[in-house]
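Spelled out, the chains give:
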Amino acid sequence: MMRSLYSGISGLKSHQTAMDVVGNNISNVNTTGFKSSRVTFADTLNQTLSSASAPAGNIGGINAKQIGLGSGVAAIDTIFTDGSVKSTGLNTDMCLSGNGLFVVHSESSANEMYYTRNGNFKFDASGNFVTSDGYKVQGWVADASGNITVDPSKTSDITIPAGKVMEATKTEKAVYNSNLNSGEATIAGITMMDDNGSKIVVSQNNVDTLSCGSKYNDNTRSKINNVNLEFKEGCTIVSAKGKYAMTQNYALDGDLTISCSNGDKITVPKTSPNSYKMGAAVSLLPVQEITAGSKNVTLSDTATYTNDSNSPYIVNLANGDVLTVTAPPGATFTKGAVMPTLTVTGIAGKEITLTDAGGTNVYKLTNNSGNSYAVGNTISENVISISIDSTDTMSNAKGTVKSADGTVDNFTMRSGTIKPASGITVSSMELTDNLDSVITVSNANVREYKVGDKYEGSIDSMALTMSDGSSTSEVSGSYTMGYSKPLSTLITVYDTLGNEHNITIYLTKTSVDSIKGNEWTASINLDGSGTATIKEKDGSISTVSMPDLKIRFSPTGECTTGVGTTELTLRNGAQADQKVNVDFSNVTQFAGSNTAYGSTDGNAYGTLKSISINTTGTIIGTYTNGINRAEAQVAIAQFNNAAGLTKIGNSMYTASNNSGTANINTVSALGCSITPSSLEMSNVDMATELTDMIVTQRGYQSNSKIITVSDELLETLINMKR
């Protein structure tokens with residue numbers, strides 16, 4: 001009976017302990033990083049009344065007879081599951097998830113390390129990264145270049161002083177990444193407009209780099225080797241030798257020869273005031289005189305019409321009659337003069353036959369006047385006009401003209417109207433240079449040009465026709481036939497004083513080759529000089545030089561060659577000559593967008609402006625120069641048996657004999673993660689704790705009942721003596 005009393009007492013003690021643990025859990029339900037505990041019970045010693053016996057013969061086996069002596073606490077375990085994440089917005093807070101703890105240290109505790117899940121950290125007055133109790137957070141601090149060396153065997157206090165300075169570092173390397181479009185269209189045609197208003201159609205043979213705003217006057221490239229002219233009168237000169245200017249008038253140097261559709265010719269003196277229109281009928285020519293026995297007809301301007309076709313003539317008389325004269329004429333007829341005397345030899349109505357004095361030449365007269373004629377009568381009237389009786393026309397003409405330098409050129413004419421005495425006026429001038437580029441000179445440009453001269457003009461704009469059929473107009477930039485339009489990229493280079501220099505590097509597709517692969521060219525200046533200048537903020541001029549760099553891609557899109565060096569010559573007090581290695585080896589060339597960009601090392605001077613912590617536990621410093629640099633790496637400790645750690649209060653632990661040795665490393669290396677600007681909440685589950693409280697209460701009540709009942713039994717026993 002006494003055994004039951006002591007069993008009840010042991011049960012009371014065990015449940016009291018369980019209640020203590022539940023109470024502690026509930027009291028820390030809002031404690032940052034708190035890990036709840038649990039109690040497990042086990043029975044204590046048992047009194048054996050009889051031992052077990054094995055079956056023997058006809059008797060079966062017998063179990064042992066044992067009476068338990070109560071219960072005891074078998075274990076109080078710490079449950080290291082993750083708590084929920086609570087966002088705080090404070091940049092120094094960290095919520096650690098996974099099997100790990102933060103490592104902290106106190107100067108007063110010699111070399112002993114402490115561990116915590118409470119990521120409520122801050123910086124103190126000395127820049128130390130500390131807990132709310134002043135314990136210094138451990139980790140690895142970056143060097144002056146932002147490089148962190150992680151040595152698990154050796155951690156240090158994380159100290160980041162306010163106002164920390166980042167010294168200026170010169171740029172030594174520029175690395176290009178991403179992609180160049182393998183299908184980038186190339187330039188198939190260039191038409192330029194210059195400041196003279198002239199149009200220049202660039203030949204496919206011209207592989208010079210042409211720039212808007214530059215002069216089109218290179219001696220070897222823009223020397224004129226051919227001049228073609230058109231005149232407003234309809235004349236043309238192909239390959240003129242003389243000097244001419246737009247809209248200027250030039251005198252004819254000799255007679256004008258006109259060919260007619262019937263084979264007849266007209267020779268017009270250069271002094272003729274008459275107008276001659278190609279396509280006009282020869283019957284409209286103003287004949288002055290036809291000469292007896294001659295093919296040559298004199299026109300009113302003394303021009304000579306050679307009547308090889310023997311076209312007849314129409315002579316209009318003062319009385320209204322019309323005389324038809326066959327060619328060559330038997331007599332001479334002159335406009336404004338009295339005709340030769342002719343005798344009537346026959347009359348048929350209005351048609352009258354006439355002969356001259358010799359009787360050998362016959363003429364036909366149409367009696368429009370109504371005069372009464374009789375055979376034997378003579379006719380002698382004034383000649384009002386003479387014309388050639390033909391439906392043929394003037395088809396073309398040729399002549400010579402004297403240019404501004406006295407050179408005589410031949411011209412031809414198939415349309416238009418010309419007045420020889422007035423000369424001819426240039427209406428169109430087309431120049432061809434040494435590379436067969438065609439320059440159409442504008443009316444506004446009245447400079448004189450001839451073969452061998454140098455055409456001068458400043459390029460105002462360009463119209464580009466691309467290989468894919470698209471077109472574009474440009475008013476700036478430099479372009480080359482057969483190349484792509486240059487892609488402009490920018491790299492920022494810092495000198496030894498931290499001054500910033502923005503350098504433009506152009507990337508141009510310059511070759512398409514399915515065997516060797518496409519080629520691009522990286523250049524500082526598109527004129528091929530390999531040199532450019534930069535006007536700095538202080539007014540100084542810096543020179544940048546880099547020989548054009550060929551970037552070759554394989555047919556499968558990988559870069560095979562593409563490393564060069566650019567050199568800066570500075571005049572601002574920094575190191576005068578600075579070399580920067582430019583590397584394109586990481587660039588690919590596949591169909592798609594042009595996304596290639598360059599990034600550089602080096603930086604300007606700056607001071608620490610703010611800090612942040614990323615998911616790997618790296619503390620990042622943001623400086624006034626815009627640079628983000630790693631400042632430190634927070635250390636994490638991992639134990640084989642985290643539940644075996646010893647709690648020392650203030651949410652901290654120390655290692656114990658059963659926790660194992662701390663494995664200190666980075667968050668990533670240990671498989672943990674950090675949520676920045678957050679804290680880990682307690683992992684206490686209130687529903688579980690309240691349930692455990694009820695169970696513990698009932699257990700405690702039951703054990704107390706054991707003692708009460710045992711006492712009543714003893715009292716009954718004692719009362720038996722009475």
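Let me sum up the structure you'll find in this document. In this text, all values refer to a predicted model and were calculated from it rather than measured experimentally.

Definitions and limits used
Residues numbered from 1 in each chain as written. Predicted model: local features only at pLDDT ≥ 70, side-chain atom pairs only at ≥ 80, totals over all residues. Heavy atoms only, no water. Buried < 20%, exposed > 50% of the residue type's maximum accessible area, 1.4 Å probe, protein only. Helix = DSSP H or I, 4+ residues; strand = E, 2+ residues; numbered from the N terminus. Pairing = 2+ DSSP bridges. Phe/Tyr/Trp six-rings, centres within 6.5 Å; stacked < 30°, edge-to-face > 60°. Salt bridge = Lys/Arg side-chain N within 4 Å of Asp/Glu carboxyl O.

### Concerning the pairing of strand β6 (residues 94–97)
Of the two faces of β6, the one lined by Met94 and Leu96 and the one lined by Cys95 and Ser97 are each fully buried. Direction of pairing for β6 relative to strand β64 (residues 673–676): antiparallel, over a ladder of four bridges. The partner of methionine 94 across the bridge, within β64, is proline 676.

### Quick notes on the packing of aromatic side chains
In the structure shown here, the tally under the stated rule is 10 aromatic pairs. A ring pair is formed by phenylalanine 123 and phenylalanine 129, whose centres lie 4.8 Å apart and whose planes are at 35°; its orientation type is tilted. Here phenylalanine 123 falls in the partly exposed class, since its relative accessible area comes to 27%. A relative accessible area of 0% places phenylalanine 129 in the buried class. Judged by centre distance (5.0 Å) and plane angle (75°), the rings of tyrosine 244 and tyrosine 250 are edge-to-face. Residue class for tyrosine 244 comes out buried when judged on its relative accessible area of 0%. Assessed through its relative accessible area of 6%, tyrosine 250 is described here as buried.

### Overview of the pattern of salt bridges
Summed over all chains, the structure comprises 14 salt bridges. Lysine 243 is the salt-bridge partner of aspartate 453, the closest N and O atoms lying 3.0 Å from each other. Taken together, the positions of aspartate 453 in the loop between β42 (448–449) and β43 (459–466) and lysine 243 in the loop between β20 (235–237) and β21 (244–245) put the pair 210 residues apart, joining distant regions of the chain. Within the structure, one salt-bridge network assembled from shared partners comprises Lys35, Asp82, Arg117 and Glu680.

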